[in-house]
Amino acid sequence: MFSMLKQTKTISKFHTALKNCQAIILVHWLLTVWGCMNYLFPASYAWGNFSILAVGIWAVVQRDSLDAIMMFLTGLLLTVLTDIIHVCVFYPSNDYLTDVKRFSIGMAIFSLLLKPASCYFVYQMYRERGGEYAFNIDLESSSDSNFAHYGLTRAGQDRSTYEPIDQQDASPQWPDPSKAAPHPY
């Protein structure tokens, strides 16, 4: 009985996270459409934001995929940077600001302001799906061969406690010549 109640709570929490992801996608889609409606920004603004929203749809469809939710989170973080650049570079002077342009750029700025909160919620979804983010800077082993392979940062799950499965005592590939093979009859 307790196990069934625990499963129900887990499923309910999962559906809440799924609804949060869908709401994030819907809100950012609407704000991006409104931000693009006056051709104030170049096509890179629309392509960047809509492609990340497509990755978000992938994260909704594949509910157990850590890759999908991590790519969505990374994309949202990158669009924060690109949106700042777009707003700063393409903001028109006061002589060219019409009401429609003000609305369009206001929605783009509002989307930009909501993205850190969206990133927080997407990160929580990533954690609920079992993902971890470990940021390790190990300067003591920098002369080690691992430094050349991993660099300064290593993201993902800590796999040092896992048992390697490729080093099991496997039976030899060829039969032992000292043992006679049994007769088939």
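Everything quoted here is computed from the prediction, not taken from an experiment. (Residues numbered from 1 in each chain as written. Predicted model: local features only at pLDDT ≥ 70, side-chain atom pairs only at ≥ 80, totals over all residues. Heavy atoms only, no water.)

Caption draft 1: The arrangement of the overall build of the protein chain in detail. What the protein chain contains, in helices and strands, is 5 helices and 0 strands. Reading the protein chain from its N end, one meets helices and strands in the order α-α-α-α-α. Here the protein chain holds 185 residues, and 26% of them are scored as buried. Partitioning the contacts of the protein chain with sequence separation of at least 6, the portion at a separation of at least 24 is 71%. Summing over all exposed atoms, the protein chain offers an accessible surface of approximately 13,700 Å²; the carbon and sulfur share of this is 62%. (Helix = DSSP H or I, 4+ residues; strand = E, 2+ residues; numbered from the N terminus. Buried < 20%, exposed > 50% of the residue type's maximum accessible area, 1.4 Å probe, protein only. Contact = heavy atoms within 4.5 Å. Areas by Shrake-Rupley, 256 points an atom, 1.4 Å probe, with all protein chains shown as cover.)

Caption draft 2: Region of the structure containing the packing of helix H2 (residues 43-61) against helix H3 (residues 66-90). Close contact between H2 and H3 brings their axes to 9 Å; oriented N to C, the two are set at 160°. Taken as axis vectors, H2 and H3 run roughly antiparallel relative to one another. Here H2 runs over H3; the crossing is left-handed. The residues of H3 that touch H2, namely those facing Ser44, Tyr45, Gly48, Asn49, Ile52, Val55, Gly56, Trp58 and Ala59, are Asp67, Ala68, Ile69, Met71, Phe72, Gly75, Leu76, Thr79, Asp83 and His86. (Axes fitted to C-alpha atoms, helices over the stretch in contact; angles between N-to-C directions. Parallel < 35°, antiparallel > 145°, perpendicular 65-115°, else oblique. Left-handed = near helix turned anticlockwise from the far one by under 90°.)

Caption draft 3: The arrangement of the nonpolar core in detail. Core analysis: the largest hydrophobic core is formed by 18 residues, its most contacted members being Cys21, Ile25, Ile69, Phe72, Leu76, Val122 and Met125. For this core, the elements supplying multiple residues, two or more each, are helix H1 (2-36), H2, H3 and helix H4 (99-128). Listed in part, the 6 residues of the second largest apolar core include Leu40, Phe41, Val87 and Ala108. (Core = buried A, V, L, I, M, F, W, Y, C linked by side-chain atoms within 4.5 Å.)

Caption draft 4: Representation of H4. With 30 residues, H4 extends 43 Å from end C-alpha to end C-alpha; this agrees with the ideal 44 Å at 1.5 Å per step. The principal kink in H4, of about 35°, is found at lysine 115, preceding the proline proline 116 by one to four residues. All of the buried residues in H4 are Ser104, Ile105, Met107, Ala108, Ser111, Leu112, Lys115, Ser118, Cys119, Val122, Met125 and Tyr126. Once H4 ends, the next one or two residues include glycine 130, with phi positive near 100°. (Expected span 1.5 Å × (residues − 1). Bend = angle between axes of the 7 residues up to and from the residue.)

Caption draft 5: A look at H2. The end-to-end C-alpha distance of H2, which contains 19 residues, comes to 27 Å, matching closely the 27 Å that a straight helix rising 1.5 Å per residue would cover. Buried residues of H2: Tyr45, Ala46, Asn49, Ile52, Leu53, Val55, Gly56, Ala59 and Val60, and no others.

Caption draft 6: Region of the structure containing the packing of aromatic side chains. Here the structure, examined in full by the defined rule, presents 4 aromatic pairs. With centroids separated by 6.4 Å and ring planes inclined at 35°, the aromatic side chains of tyrosine 123 and tyrosine 126 adopt a geometry described as tilted. Highlighted residues: tyrosine 123 and tyrosine 126, both in helix H4, separated by 3 residues, approximately one helical turn. Given a relative accessible area of 26%, tyrosine 123 falls into the partly exposed group. (Phe/Tyr/Trp six-rings, centres within 6.5 Å; stacked < 30°, edge-to-face > 60°.)

Without other data, these values stay purely geometric and don't point to any function.
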